[in-house]
Amino acid sequence: MTLEAVLVVAAALVGIGVYGALSQQSFVMLMMGLELMINGAILALVALWSASAGGNPQGQMLGVVFMTVMAVEMALGFALVTNVYRVRRADITEKLRRLKG
Amino acid sequence: MNDLLADAIFWAFAAGSVTTGLRVFRTDSMMRAAFYLLASFAGVGGILVLLGAEFLGMVLILMMAGEMLIMAIVMVMFMMNPAGLNPMWMVHQHRVAVAAGAGSFVLLASLPFLVKFPDRPAPQPEEATAELGTELLGDSMLVFQTAGVALLSTMIGAVVIANRSGRFGVAEEGSQEPTVEPGAGDQR
């Protein structure tokens, strides 16, 4: 389990996330792509922490911040999906061509 | 644990995480997509535990378990065809997306081999979880508290955004902004 191997796995997760976020029409599937990207970022962060800053807990602290970002993104995403569905009956991105009205 | 066993477990987790991550966007059922994503996160959580960040790994798995259940409920509420009874292929700009995904993978995966990492092996922390706990309630308490306040304000904001009665009336009735024609608001 070398550092390079873990970073390649993290890159694969980010790549899948980029593909999902760009290709999916459904809002929730799009959010899954974003989640996968943050997932890969956390993995890369902890790999670098483990290989370099061993013993320094501030690296893990940054991981906690990443997870907070993930939770915030998810919660606001669900709230926006709910609101957009109520107001415009839209559940895919193609139905939202205008920001207003 | 010897290195060979650790390697085998790592590659099992890694392969599982990446395959289930891909399956998220390849399955017909959105419910299954949510659980594939959970499996992908569980694989990453396992790798985090292997890397010595036991607390982060377990928190990731626990948090994602809750989040994916909420996601599954949202799927059932809003999405057509949540059970995957019909084939589902809802994509746009597919070729661009595949190119962007593959491109970012190649770019990011080549970086570790181009960068020269310092190879002075740092001593592994004896008790990473205890150290993180001391850090959370010690030097980094401000960061921790800020994250907590951010989550609280997110909760309030999410409730306000998802509320049925919007700023300009009930959401189902369009929640339209009042007109700003000159003279329209002069009745007061």
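Here the structure is a predicted model, which is why all the values come from computation and not from measurement. (Residues numbered from 1 in each chain as written. Chains lettered and ligands numbered in written order. Predicted model: local features only at pLDDT ≥ 70, side-chain atom pairs only at ≥ 80, totals over all residues. Heavy atoms only, no water.)

(A) Inspection of the side chain of Ser50(A) at higher detail. Relative to the assigned elements, Ser50(A) resides in helix H2 (residues 27-51). Its relative accessible area of 10% is what places Ser50(A) among the buried residues. Those residues in contact with Ser50(A) that lie beyond four places of it in its chain are Leu51(B) and Gln124(B). (Helix = DSSP H or I, 4+ residues; strand = E, 2+ residues; numbered from the N terminus. Buried < 20%, exposed > 50% of the residue type's maximum accessible area, 1.4 Å probe, protein only. Contact = heavy atoms within 4.5 Å.)

(B) Main features of a nonpolar patch on the surface. Residue and element names in this part refer to chain B. Where nonpolar side chains cluster on the molecular surface, the patch consists of Leu 108, Leu 111, Leu 114 and Val 115 and spans about 350 Å² of accessible area. Turning to its location among the elements, Leu 111 is positioned in helix H4 (residues 94-114). A relative accessible area of 40% places Leu 111 in the partly exposed class. (Patch = residues over 30% accessible without salt bridge, like charges linked within 9 Å, V, L, I, M, F, W, Y side chains within 5 Å. Areas by Shrake-Rupley, 256 points an atom, 1.4 Å probe, with all protein chains shown as cover. Salt bridge = Lys/Arg side-chain N within 4 Å of Asp/Glu carboxyl O.)

(C) Summary view of the packing of aromatic side chains. Scanning the model with the defined rule gives two aromatic pairs over all chains in all. Each ring, one from Tyr19(A) and one from Phe25(B), has its centre 6.0 Å from the other, and the planes form 85°; the classification is edge-to-face. Remark: Phe25(B) occurs in the loop between helix H1 (3-24) and helix H2 (30-50) and Tyr19(A) occurs in helix H1 (residues 3-23); the pair is interchain, linking two chains. Take Tyr19(A) and Phe25(B): they sit in the same class, and that class is buried. For the pair Phe10(B) and Trp11(B), a centre-to-centre distance of 4.9 Å together with 65° between the ring planes defines the contact as edge-to-face. Judged by its relative accessible area of 46%, Trp11(B) falls in the partly exposed class. (Phe/Tyr/Trp six-rings, centres within 6.5 Å; stacked < 30°, edge-to-face > 60°.)

(D) Examining the interface of chain B and chain A more closely. Taken together, the contact between chain B and chain A spans 80 residues of the former and 71 residues of the latter. In total, chain B and chain A occlude about 6,800 Å² of area from one another, counting both sides; carbon and sulfur atoms represent 76% of this. Across the chain B-chain A interface, the total number found is zero salt bridges. Run the count over chain B and chain A and you get 11 residue pairs in polar contact (both at pLDDT 80 or more). Counting residues per element, the ones that place at least two in the side of chain B that touches chain A are H1, H2, helix H3 (54-78), H4, helix H5 (128-136) and helix H6 (141-162) of chain B. It is H3(B) that provides the largest number of residues to the side of chain B that touches chain A, a total of 12 residues. Here the side of chain B that touches chain A is built from residues that sort into 57 nonpolar, 15 polar and eight charged. (Buried area = accessible area lost by both parts, 1.4 Å probe. Polar contact = N/O pair within 3.5 Å; in protein donor to acceptor, adjacent residues only side chain to side chain. Nonpolar A, V, L, I, M, F, W, Y, C, P; charged D, E, K, R; others polar.)

(E) Region of interest: the domain arrangement of chain B. For chain B, the domain assignment lists domain 1 (1-84) and domain 2 (127-171). On a C-alpha basis, the centroid separation for the pair domain 1 of chain B and domain 2 of chain B is 23 Å. (Domains from an automatic or database assignment.)

(F) Examining the environment of Phe66(A) more closely. Residues and elements named next belong to chain A. Tracing the backbone shows Phe 66 in helix H3 (residues 58-88). For Phe 66, a relative accessible area of 25% puts it in the partly exposed group. Taking the C-alpha atoms as reference points, Phe 66 and Ser 23, separated by 43 residues in sequence, lie 24 Å from one another. The contact partners of Phe 66, leaving out residues within four places of it in the chain, are Ile 38, Ala 41, Ile 42 and Leu 45.

(G) View of the environment of Gly103(B). All names here are of chain B. Note on placement: Gly 103 falls in helix H4. According to the relative accessible area criterion, Gly 103 is partly exposed, its value standing at 36%. Placed 51 residues apart in sequence, Gly 103 and Thr 154 show a C-alpha to C-alpha distance of 33 Å.

(H) Main features of the nonpolar core. Residues Met32(A), Leu43(A) and Met71(B) are the most contacted members of the largest nonpolar core, which totals 54 residues. Among the secondary structure elements, those contributing two or more residues to this core are H1, H2 and H3 of chain A together with H1, H2 and H3 of chain B. The element contributing the most residues to this core is H2(A), with 13 residues. (Core = buried A, V, L, I, M, F, W, Y, C linked by side-chain atoms within 4.5 Å.)

(I) Representation of H2(A) within the structure. Helix length check: H2(A) (25 residues) gives 37 Å between terminal C-alpha atoms against 36 Å at 1.5 Å per residue, within 8%. Burial analysis of H2(A) places 19 of its 25 residues in the buried class, the great majority of the element. (Expected span 1.5 Å × (residues − 1).)

(J) Fine view of the packing of H1(A) against H2(A). Residue and element names in this part refer to chain A. Where H1 meets H2, the closest approach of the two axes is 7 Å, and the angle between their N-to-C directions is 165°. When the axes of H1 and H2 are compared, the pair comes out roughly antiparallel. Along this stretch, H1 crosses H2, giving a crossing that reads as left-handed. Classifying every residue of the contact of H1 with H2 by side-chain character gives 20 nonpolar, five polar and no charged. (Axes fitted to C-alpha atoms, helices over the stretch in contact; angles between N-to-C directions. Parallel < 35°, antiparallel > 145°, perpendicular 65-115°, else oblique. Left-handed = near helix turned anticlockwise from the far one by under 90°.)

(K) Region of interest: the side chain of Glu35(A). As for its position among the elements, Glu35(A) is in helix H2. Buried and unpaired, Glu35(A) has Arg23(B) as its nearest opposite-charge partner, separated by 19 Å. Those residues in contact with Glu35(A) that sit more than four places away from it in its chain are Met70(A), Glu73(A), Met74(A), Leu37(B), Phe41(B), Met64(B), Glu67(B) and Met68(B). (Lys, Arg positive; Asp, Glu negative; His and termini not counted.)

(L) Structural context of the packing of H1(A) against H4(B). Interhelical geometry of H1(A) versus H4(B) gives an angle of 160° and a closest axis separation of 8 Å. The angle between H1(A) and H4(B) places the two elements in the roughly antiparallel class. The interaxial crossing formed by H1(A) with H4(B) has right-handed handedness. Side by side, H1(A) and H4(B) meet where Glu4(A), Leu7(A), Val8(A), Ala11(A), Ala12(A), Val14(A), Gly15(A), Val18(A), Tyr19(A), Leu22(A) and Ser23(A) of the first sit next to His94(B), Ala97(B), Val98(B), Ala100(B), Gly101(B), Ser104(B), Phe105(B), Leu108(B), Ala109(B), Pro112(B) and Phe113(B) of the second. Among the residues forming the contact of H1(A) with H4(B), the class breakdown is 16 nonpolar, five polar and one charged.

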